[in-house]
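The primary structure of each chain is shown beneath.
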Amino acid sequence: MIMLDIVVCTYNRAHSLDAVLTKLGQLTPCEGIGCRVLVVDNASTDTTASVVDAHQRRGVLTHLRRVFAAERGLTAARLRGVRETAAPWIAFVDDDNFLATTWLHAVGEAIASHAGAGGIGGKVVLEWEIPPPRYLEEFGFCFAAQDHGDADCVVDSLAGAGMVLRRSALDESGWINRPLIADRIGRKLTSGGDVEMAQRVRAAGYELWFTPSAVLHHRIPANRMSRQYLFRINRELGASSALLGLLTYEGDWATWQHDSRAQKRHWYALAARGLRYALIRRKGLTSALAWSCFASGFARGIRQCETLDGARRAELLGAAALSQHQTISRCGSVGR
């Protein structure tokens, strides 16, 4: 029997959490895999506790628990969830993630099929509250969209939405003892904590697998479809990209500085080219500005890395580097 703990981290989204737990109660039971659900209440001030109490009384989710995590932030909440559970596999589901009824079966099949897997992720489909504007078409990655094709394959990273990790791999990676990147604190759009987890598992010598049959719908509210939100999230993604580059870098500090500055010039050149095209053709300006925000965020991230003290820099540099462990990313080249 494969045992899986589903950790749902939530902050002040009682109504959405209610719908997420209802959907979890509709998962089709799967012979050979059992699951429990833990809600990590990340210092919510709304009716989150009452929502969980109501679902416990309803009794559909027979192994549902809630813990209150006073330390704010998604990384802290995920860590609390890991420490409060014991199953060999842990799934991370956000409070706006809705699992397809067959998700549990698909994950169980992937675990059984891929012995070297340290992490498994499925298809993340964006579910827009209202029809999205055209300028969001190329920015699905900002909302954790994930689709690597129609066959199981090894990938370089996984989206945090619905990410399933082997507990022993997460332990061997050192993340349980010392997470290095903060993620979503309150309403701040800082990110990268989920990527850190995946990359540290990968650096510990485990494969990351994508399985398309494990489908998750990520609900995107209308207030996240604005240009302002798109610009903000791209700045934060740019900054976290620089920091994650430090974590996965295999060289020394001086070489990282040289290479990251070259990357910064590359991003700025692409942004400038996009802006020129948009101004000449009078179209695509929002997209060009969003990529400019990513470039400026990347530059800010480099500056933040360069201002770190020596001990913190040494802790981060190469913490998730592959070193002698090399995972091949070839979607479609390997299957069940």
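Here, the structure is the one placed above.
This text gives an overview of the structure that appears in the document. On a predicted model such as this, the values are computed, not experimentally measured, just so you know.

1. What to know about the packing of aromatic side chains
A complete count under the given rule lists 9 aromatic pairs for this structure. Judged by centre distance (5.9 Å) and plane angle (50 degrees), the ring pair of Phe139 and Phe141 falls under tilted. For Phe139, a relative accessible area of 0% puts it in the buried group. Exposure remark for Phe141: the relative accessible area of 38% places this residue in the partly exposed category. Considering the side-chain rings of Phe141 and Trp291, the 5.6 Å spacing of their centres and the 25 degrees angle between planes classify their relative orientation as stacked. You can see Phe141 sitting in the loop between β6 (117-128) and β7 (153-155) and its partner Trp291 sitting in helix α9 (residues 285-306), a full 150 residues away along the chain. Ring-pair connections join several aromatic residues into one group, and the members of that group are Phe139, Phe141, Trp267, Trp291 and Phe294.

2. Quick notes on the pattern of salt bridges
Following the criterion strictly, the structure yields 16 salt bridges and no others. Of the charged contacts, one joins Arg65 and Glu84 as a salt bridge, the two residues approaching to 4.0 Å between their closest N and O atoms. Taken together, the positions of Arg65 in strand β3 (residues 64-68) and Glu84 in the loop between α3 (74-83) and β4 (89-94) put the pair 19 residues apart, joining distant regions of the chain. We note a salt bridge from Glu127 to Arg219, for which the minimum N-O separation is 2.9 Å. Placement of the pair is Glu127 in strand β6 and Arg219 in strand β9 (residues 207-220), with a sequence separation of 92 residues. Relative accessible area serves as the criterion here: at 28%, Glu127 is assigned to the partly exposed category. Members of the salt-bridge network, linked through shared partners, are Arg13, Asp95, Asp96 and Arg224.

Cut-offs applied
Residues numbered from 1 in each chain as written. Predicted model: local features only at pLDDT ≥ 70, side-chain atom pairs only at ≥ 80, totals over all residues. Heavy atoms only, no water. Phe/Tyr/Trp six-rings, centres within 6.5 Å; stacked < 30°, edge-to-face > 60°. Buried < 20%, exposed > 50% of the residue type's maximum accessible area, 1.4 Å probe, protein only. Helix = DSSP H or I, 4+ residues; strand = E, 2+ residues; numbered from the N terminus. Salt bridge = Lys/Arg side-chain N within 4 Å of Asp/Glu carboxyl O.

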